[in-house]
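# Survey of secondary and tertiary structure
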Amino acid sequence: MSALSDRINNLSESATIKMAKLGRELAAKGVDVISLSFGEPDFHTPEHIKAAAKQAMDQNFTYYTPVAGYPELRKAIANKLKTENGLDYDPSQIVVSTGAKQAIANTLLSLVNPGEEVIIPTPYWVSYSEVVKLTEGKSVFIDTTVEQNFKITPEQLEAAITPKTKLFMFSSPCNPTGSVYSKEELAGLVKVFEKHPQVYILSDEIYEHINFVDACTSIASFPSVKDRVIIINGFSKAYAMTGWRIGYSASNKEIAAANDKLQGQITSGTCSITQKAGVAACEGGLESVLEMRESFKRRRGIVYDLLKDIPGIKTNLPDGAFYFFPNVTSFFGKSFNGKTINDADELSIFLLEEAHVATVGGDSFGDPKSIRISYAAADDKLIEAMKRIKAALAKLS
Ligand code: PMP
Ligand code: GLU
């Protein structure tokens, strides 16, 4: 019998991290693996951000920080929310954490009681449903399809809400589909939330700057629900800072104080040097972000043209983030070398073994019909990967 808690035994390993690990292991054996599994910008952190970190170290910013972050950083984030998003937040409403991932965990643990329901549209980012498990809450999924651009309707939302609903959580731009909710679409959802004042809304906006539709609207910009919205954001994607581990929540003061209390017992806040780098990121303008966005836009075009050309793959053109989430059901039941592909996870493993391209199967994103392809990789790697995927899929019959 396992000595481990039910809590940990019931928790799944992160599928994105697992596939990245499998890809790395194969590469260590000398195989030329192209990794399109991890959602990680392939750019370096901009120089002015690195310089601020070096300076912080030299100036001995090496001690514990306030748990919710240096006041200077919380102020810089509040300014960012004002200037970039038109949103008013006091610095006391911002809690800086060890990545957006921890901001999500903080918020769920602060809000959700055992048995309460958390509504999550599918496909969703892999960690959402797993963190709900840690709270002993219950995930309630709303299914979407590639034909509806993976976005829910107000009617679907209304039908999913029950007296037990505590929270609705979503990302826009979405990981893994790249879908972006327009202002009008959000307004439709807000009308439903207005009828259900007990429901909180976790809005994961970590990909806000990686969008190809001009600008993303935050659901917090609707005054009727703002006090119930918890914005989650971070520096990993916009500033290519995945390894620095910095993200934040912006919420009402009660939830902010709860998140502060929680991480005071668990982490004591994120790294002091990282926080100083975060201030430079907030204050340094969006030039590098917009350059990266242009590259992602070009790569999206490259992958879209090549993916459309692969028989059996059904995809839409995502509006943001850096993922495609094509439907691969036409390959189910097909075989190669005596091995039959039964679902998207098996197809993803087949692509790793046969094409040496790492992707992630859709099951952990709540959609076993699709695979996720990250296009945060160099153009030539993407072209080669699509060529290999096409050749490998052609072997299935
Ligand atoms: N939300 C979404 C939708 C993500 O894709 C990720 C992955 N980086 C995160 C949150 C967490 O980001 P981080 O912890 O690196 O800030
Ligand atoms: N969020 C990224 C992804 O979806 C990084 C991996 C992770 O944090 O799970 O691949």
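So, here's what we can say about the structure.

Rules used throughout
- Residues numbered from 1 in each chain as written.
- Chains lettered and ligands numbered in written order.
- Predicted model: local features only at pLDDT ≥ 70, side-chain atom pairs only at ≥ 80, totals over all residues.
- Heavy atoms only, no water.
- Near = heavy atom within 4 Å.
- Polar contact = N/O pair within 3.5 Å; in protein donor to acceptor, adjacent residues only side chain to side chain.
- Areas by Shrake-Rupley, 256 points an atom, 1.4 Å probe, with all protein chains shown as cover.
- Pairing = 2+ DSSP bridges.
- Helix = DSSP H or I, 4+ residues; strand = E, 2+ residues; numbered from the N terminus.
- Axes fitted to C-alpha atoms, helices over the stretch in contact; angles between N-to-C directions.
- Contact = heavy atoms within 4.5 Å.
- Buried < 20%, exposed > 50% of the residue type's maximum accessible area, 1.4 Å probe, protein only.
- Core = buried A, V, L, I, M, F, W, Y, C linked by side-chain atoms within 4.5 Å.
- Expected span 1.5 Å × (residues − 1).
- Parallel < 35°, antiparallel > 145°, perpendicular 65-115°, else oblique.
- Left-handed = near helix turned anticlockwise from the far one by under 90°.
- Phe/Tyr/Trp six-rings, centres within 6.5 Å; stacked < 30°, edge-to-face > 60°.
- Lys NZ or Arg CZ within 6 Å of the ring centre and 35° of its normal.

### Regarding the site of ligand 2
- Around ligand 2, the structure places S14, T16, F38, G39, K101, W125, N175, K237, Y323 and R372.
- Within the side chain of T16, one N or O atom sits 2.7 Å away from an oxygen atom of ligand 2.
- Within the contact set of ligand 2, an oxygen atom lies 2.9 Å away from a side-chain nitrogen or oxygen of N175.
- The fraction of the free accessible surface of ligand 2 (280 Å²) that becomes covered by protein chains is 87%.

### Considering the site of ligand 1
- Residues in contact with ligand 1, as listed here, are G99, A100, K101, I104, W125, N175, D204, I206, Y207, S236, K237 and R245.
- Between ligand 1 and Y207 there is a distance of 2.6 Å, counted from an oxygen atom to a side-chain nitrogen or oxygen.
- With respect to ligand 1, the side chain of R245 contributes an N or O atom lying 2.8 Å from an oxygen atom.
- For ligand 1, whose accessible area on its own is 400 Å², the fraction buried by protein is 93%.

### Here's the deal with the sheet that holds strand β8 (residues 247-250)
- Strand order across the open sheet formed by seven strands is β2-β8-β7-β6-β5-β3-β4, with mixed pairing between neighbours. The sheet terminates laterally at β2 (94-97) and β4 (138-142), the two strands that pair on one side only. The mean inter-strand angle of the sheet, taken between neighbouring strand axes irrespective of direction, is 20°.
- In this sheet, β4 lies alongside strand β3 (residues 117-121) in parallel orientation, the contact comprising five bridges. Looking at the pairing, I120 lines up with F141 of β4.
- Contacting β2, β7 (229-234) and β8, helix α4 (residues 71-85) crosses the sheet at an angle of about 115° to β2.

### Structural notes on the pairing of strand β14 (residues 371-374)
- Burial along β14 is two-sided: the face carrying I371 and I373 and the face carrying R372 and S374 are both buried.
- Here strand β9 (residues 323-324) runs beside β14; their pairing, made up of two bridges, is antiparallel. The residue bridging F324 from the neighbouring strand is I373, located in β14.
- Pairing geometry for strand β13 (residues 360-361) and β14, over two bridges, is antiparallel. When the bridges of β14 are listed, G361 appears paired with I371.

### Description of the nonpolar core
- Among the nonpolar cores identified, the biggest contains 70 residues, and L36, L108, L167, M169, L347 and L393 are the most heavily contacted of them.
- In this structure L167 touches L108, L111, V112, E117, V118, I119, V199, Y200, I201, L202 and I230, once residues within four positions along its chain are discounted.
- Counting 47 residues, the second largest nonpolar core, distinct from the first, contains I49, A53, I152 and L157.

### Observations concerning helix α5 (residues 99-111)
- Compared with an ideal rise of 1.5 Å per residue, which puts 13 residues at 18 Å, α5 spans 19 Å between its outermost C-alpha atoms and is within 8% of the ideal.
- Within α5, ten of the 13 residues are buried, which leaves the element mostly enclosed by the surrounding structure.
- Restricting attention to buried positions, one finds in α5 the residues G99, A100, Q102, A103, I104, A105, N106, T107, L108 and L111.

### Considerations on the packing of helix α2 (residues 15-28) against helix α12 (residues 344-355)
- Between α2 and α12, whose axes approach to 11 Å, the crossing angle comes to 20°. On the basis of the axis angle, α2 is roughly parallel to α12. The handedness of the crossing between α2 and α12 comes out as right-handed. From α2, M19, L22, G23 and L26 reach across to α12, where they touch S348, I349 and L352.

### Some details on the sheet that holds β9
- Reading across the sheet, the three strands line up as β9-β14-β13 and stay open at both edges, with antiparallel pairing between neighbours. Looking along the sheet, the strands with just one partner apiece sit at the ends: β9 and β13.

### Here's the deal with the packing of aromatic side chains
- For the coordinates displayed, the defined rule picks out 19 aromatic pairs.
- Measuring from ring centre to ring centre gives 5.0 Å for F322 and Y323, while their planes differ by 55°; the resulting arrangement is tilted.
- On the accessibility criterion, F322 (0% relative accessible area) is buried.
- Relative accessible area serves as the criterion here: at 0%, Y323 is assigned to the buried category.
- Put simply, the rings of F43, Y207, F296, Y304, F322, Y323, F324 and Y375 pair up and form one aromatic cluster.
- Between the NZ or CZ atom of K226 and the centre of the ring of Y89, over which it lies, the distance is 4.2 Å.
- Taking NZ or CZ as reference, K276 lies 3.9 Å from the ring centre of F61, over its face.

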